[in-house]
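Residues per chain are reported as follows:
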Amino acid sequence: MGTSRFPPSIWGGDRKRSAEPLSQLLLRLMSLRGRGLWFRRPERIPDAWAGSGSPTSPSPRAVELLFAAMQRHLGSYPLSPGVRVKLVSAGFQTAEELLELKPSELSREVGISKEEALETLQIIKRECPVDLSRFASVSISGKKYTALELLEQEHTQGFIITFCSALDNIMGGGIPLTKTTEICGAPGVGKTQLCMQLAVDVQIPECFGGVAGEAIFLDTEGSFMVDRVADLATACVQHLHLIAGSHLEEEHQKALENFSLESILSHIYYFRCHNYTELLAQVHLLPDFLLEHSKVQLIIVDGIAFPFRHDFDDLSLRTRLLNGLAQQLISMANNHKLAVIWTNQMTTKIDKNQSMLVPALGESWGHAATIRLILHWDQKQSRLATLHKSPSQKEATVLFDITAQGFRDVVVPSPLSPPVEPSGNPRKRSRDGREEE
Amino acid sequence: MATKKLTRIGLSQDLCDRLSRHQVVTCQDFLCLSPLELMKVTGQSYQGVSELLYVVSRACAPQMQTAYEMKLEKSGGPSSAFLATTLISLDEALHGGVACGSLTEITGPSGCGKTQFCMMMSVLATLPTGMGGLEGAVIYIDTESAFSAERLIRIAEFRFPSFFNTEEKLLSMSSKIHLYKELTCNEVLKRIESLEEEIISNRVKLLIIDSVASVVRKEFDTQLQGNMRERSNFLAREASLLKYLAEEFSIIVGGSVDCTRPRNSRVWVPMRPHILLICVTLSLNSNCLPLTALLPWN
């Protein structure tokens, strides 16, 4: 066939080795080069590089990477199993060997149909670009950042406020974007209320300190009440009108024109999932939905535990499905720069004759969310929120309250304090005037 | 629709045959497999498997509605949104009455009046809409044999003497209440699963289960090790079935649950508070039996 295959001894192992990580391959290449063995043959050099006058001279690293990519074992490509078996039995080991053939030749030699041969070659070409100029500027793993870039991003990152300033403070500003947050709590403590409040708060215009986004609500428990959301939205609109009234700038008034009850409700996209299959299916379809509705900044899954807590005899399947779900949600949070929130139930753990309430779905589920908020009651029947797990804020507990207007701070009545001016920062609520409504 | 068969969503016949050889028949089976397993089972490449996943997900994913559309739907039929309990302060606290389309739990210690409350609600549901009723039938699942037809008639007679002035009306009212006696957990579950046809054919508007906790307490002893999980499995399944029925047919579903009082506490706690939505608690603390409604936002 005219191709020379490298004897196995150069690679230092037997032929049937599975794909090894690129870094290891490179190390070995470097060490072999140091020994004076340089096995790039002239006829294998791509045209763009062999003196055709291309202006960019590829860096040695890019060349090494290209070379390593070409030598990648076929088993690491997402080919269909039947085709892969046939290719291996025909003696093909690496991508490079395949790329030299045309589809018709490949199909004849291996015994697969022409369409399958074409598909296989396309898959390999897509993952292993022959064009060197692509390598010159872009690194192989395109999602590499330095910590400085991440720091800049984090500074400009928005938060979704909850209207409870104590809670916002312990969370560093509110629910952060690009991260997943879990809200656990006993029934009736306010998890769904917080979710509904956030679905309204994500739409607050930017000049008031919000992120001006839309929300997706995946409901598995059926506890979404439209009338309540309408109440929350009305209260939010009134609150913003009050703030805008004290500002003389035009942009506040203009932003408020589009911020009405109708627009808030039309930007909450609601899906009712009756069982875990529908939930899984909808999460599979969410990336396409996000492409169509690019302003979505918040995904809420209300009741991620509910469909998984019954009908599951096979716990390992449940763990696998939950982990897959969590991974998809995390990748959506990262790629589309949105916040993902899910609510979890509490379950009783009996430990040495003492029972305590712990979040449901097991210990391993605790790793899925980046931030964990636990809502609970205390002895005096007031509601507390504890920031249980967070990578950047310390653990703290605050009081919160749920009023007719929604999720708010607990108001400590102080009749002697003078009326406070509404401050410039719209996140800080004024103490009086609002609560008397 | 999780149990939608793959043959109906437009996949090619030989692909469906291939999948059924591996016991993958419904959308649910398909979505439970990982991409690698799917590649092995279908013999397609990763790209092909992603497309198949998309098609299957499309077939069983729920429809999208914006909250605004939901609000418009609701305001289209305000009269059927609530069933007023005729206890004025309770109706005020509940913003109209017991809500349609959701699950309501009625709890209290024994003897405080839960079954009486359920019987009164049954009478109210059969009244015509002009009088504040739902003009529909009632399904009453009784697990404690506490339902007394005599008492039902007495309630109707004394509560609405002007309406139930003839024996005929009383009899027609009682014929609209369908009573099922189920004494074990499995029977209760089977009965709930088979209710759809009855609900549609008899135009049922109210479903009452009296009581949810007694069957569970009889069969699951929480002192034993594995029983907690089985019990919560059963209850979660029951809750999700009831919620589905409530939402699908826009009916009122009420379950009564006993209360226990844990040691060292003065507060009565519903027996298994994890799952249900609105909790109307009857408490025995004073003479006139105040009803405290624990709403999500009070």
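Conventions adopted
Residues numbered from 1 in each chain as written. Chains lettered and ligands numbered in written order. Predicted model: local features only at pLDDT ≥ 70, side-chain atom pairs only at ≥ 80, totals over all residues. Heavy atoms only, no water. Helix = DSSP H or I, 4+ residues; strand = E, 2+ residues; numbered from the N terminus. Buried < 20%, exposed > 50% of the residue type's maximum accessible area, 1.4 Å probe, protein only. Contact = heavy atoms within 4.5 Å. Areas by Shrake-Rupley, 256 points an atom, 1.4 Å probe, with all protein chains shown as cover. Phe/Tyr/Trp six-rings, centres within 6.5 Å; stacked < 30°, edge-to-face > 60°. Lys NZ or Arg CZ within 6 Å of the ring centre and 35° of its normal. Axes fitted to C-alpha atoms, helices over the stretch in contact; angles between N-to-C directions. Parallel < 35°, antiparallel > 145°, perpendicular 65-115°, else oblique. Left-handed = near helix turned anticlockwise from the far one by under 90°. Patch = residues over 30% accessible without salt bridge, like charges linked within 9 Å, V, L, I, M, F, W, Y side chains within 5 Å. Salt bridge = Lys/Arg side-chain N within 4 Å of Asp/Glu carboxyl O. Lys, Arg positive; Asp, Glu negative; His and termini not counted. Charge placed at Lys NZ, Arg CZ, Asp CG, Glu CD. Pairing = 2+ DSSP bridges. Right-handed = clockwise from strand over helix to strand, strands pointing away. Buried area = accessible area lost by both parts, 1.4 Å probe. Polar contact = N/O pair within 3.5 Å; in protein donor to acceptor, adjacent residues only side chain to side chain.

In terms of regular secondary structure, chain B is built from 13 helices and 11 strands. When the 298 residues of chain B are sorted by exposure, 47% land in the buried category. In chain B, 66% of the contacts between residues at least 6 apart in sequence involve partners at least 24 apart. Surface summary for chain B: the accessible area is close to 15,200 Å², and the carbon and sulfur share equals 51%.

All right, on to the packing of aromatic side chains then. Taken as a whole and judged by the stated rule, the model has 11 aromatic pairs over all chains. Geometrically, the ring pair formed by Phe271(A) and Phe289(A) is edge-to-face, given 5.5 Å between the ring centres and 80 degrees between the ring planes. A residue pair is termed long-range when its members are at least 10 positions apart, and Phe271(A) in strand β5 (residues 268-272) and Phe289(A) in helix α15 (residues 276-292) qualify at 18 residues. Assigned by exposure class, Phe271(A) and Phe289(A) land together as buried. What links up through ring pairs into an aromatic cluster is the set Phe217(A), Phe224(A) and Tyr270(A). A cation over an aromatic ring shows up here: Arg408(A) above the ring of Phe163(A), its NZ or CZ 4.7 Å from the ring centre. One residue, Lys169(B), lies across the ring of Phe163(B), its end atom 4.8 Å from the ring centre.

Residues and elements named next belong to chain B. Relative orientation of the contacting elements helix α11 (residues 195-202) and helix α13 (residues 227-249) amounts to 25 degrees, with a least axis distance of 12 Å. Taken together, the axis directions place α11 and α13 in an arrangement best described as roughly parallel. You can see that α11 and α13 cross each other, and the crossing is right-handed. Contacts between α11 and α13 involve Leu195, Glu196, Ile199 and Ile200 on the former and, on the latter, Tyr244, Leu245 and Phe249.

The next thing to look at is a negative patch on the surface. Residues Glu115(A), Glu116(A), Glu119(A) and Glu51(B) make up a contiguous surface patch of negative charge. Broken down by element, the negative patch gets its largest block of residues, three residues, from helix α7 (residues 114-127) of chain A. Relative to the helices and strands, Glu51(B) is located in helix α4 (residues 46-60).

With that settled, consider the side chain of Thr120(A). Summarising the element assignment, Thr120(A) is placed in helix α7. In this structure Thr120(A) touches Leu79(A), Val83(A), Leu87(A) and Leu98(A), once residues within four positions along its chain are discounted.

This part is about the sheet that holds strand β13 (residues 406-408) of chain A. Reading across the sheet, the 10 strands line up as β13(A)-β12(A)-β11(A)-β10(A)-β3(A)-β7(A)-β6(A)-β4(A)-β5(A)-β1(B) and stay open at both edges, with mixed pairing between neighbours. Edge positions in the sheet fall to β13 of chain A together with β1 (64-66) of chain B, since each of these pairs with one other strand and no more. Neighbour to neighbour, the strand axes of the sheet diverge by 25 degrees on average, direction disregarded. Inspection of the sheet shows strand β4 (residues 214-219) of chain A paired to strand β6 (residues 296-302) of chain A by six bridges, in the parallel sense. Across the sheet, the residue bridging to Asp219(A) is Asp302(A), located in β6(A). This element, helix α11 (residues 191-201) of chain A, spans β3 (180-185), β4, β5, β6, β7 (339-344), β10 (371-377), β12 (396-403) and β13 of chain A of the sheet and lies at about 165 degrees to β6(A).

Let's shift gears to the pairing of β6(A). All names here are of chain A. With seven of its seven residues buried, β6 lies for the most part within the structure. As judged from the four bridges shared by β6 and β7, these two strands associate in the parallel manner. Pairing of Val301 across the sheet is with Trp342, part of β7. The parallel pair β6 and β7 is bridged by helix α16 (residues 315-336), and the resulting crossover is right-handed.

A word on the interface of chain B and chain A. Counting residues at the interface gives 47 residues for chain B, matched by 50 residues for chain A. When chain B packs against chain A, the two sides together hide about 4,500 Å² of surface, and 64% of this comes from carbon and sulfur. In this assembly, chain B and chain A are joined by one salt bridge. In this structure, Glu37(B) engages Arg320(A) in a salt bridge whose closest nitrogen and oxygen atoms are separated by 3.9 Å. Here chain B and chain A share nine residue pairs in polar contact (both at pLDDT 80 or more) between them.

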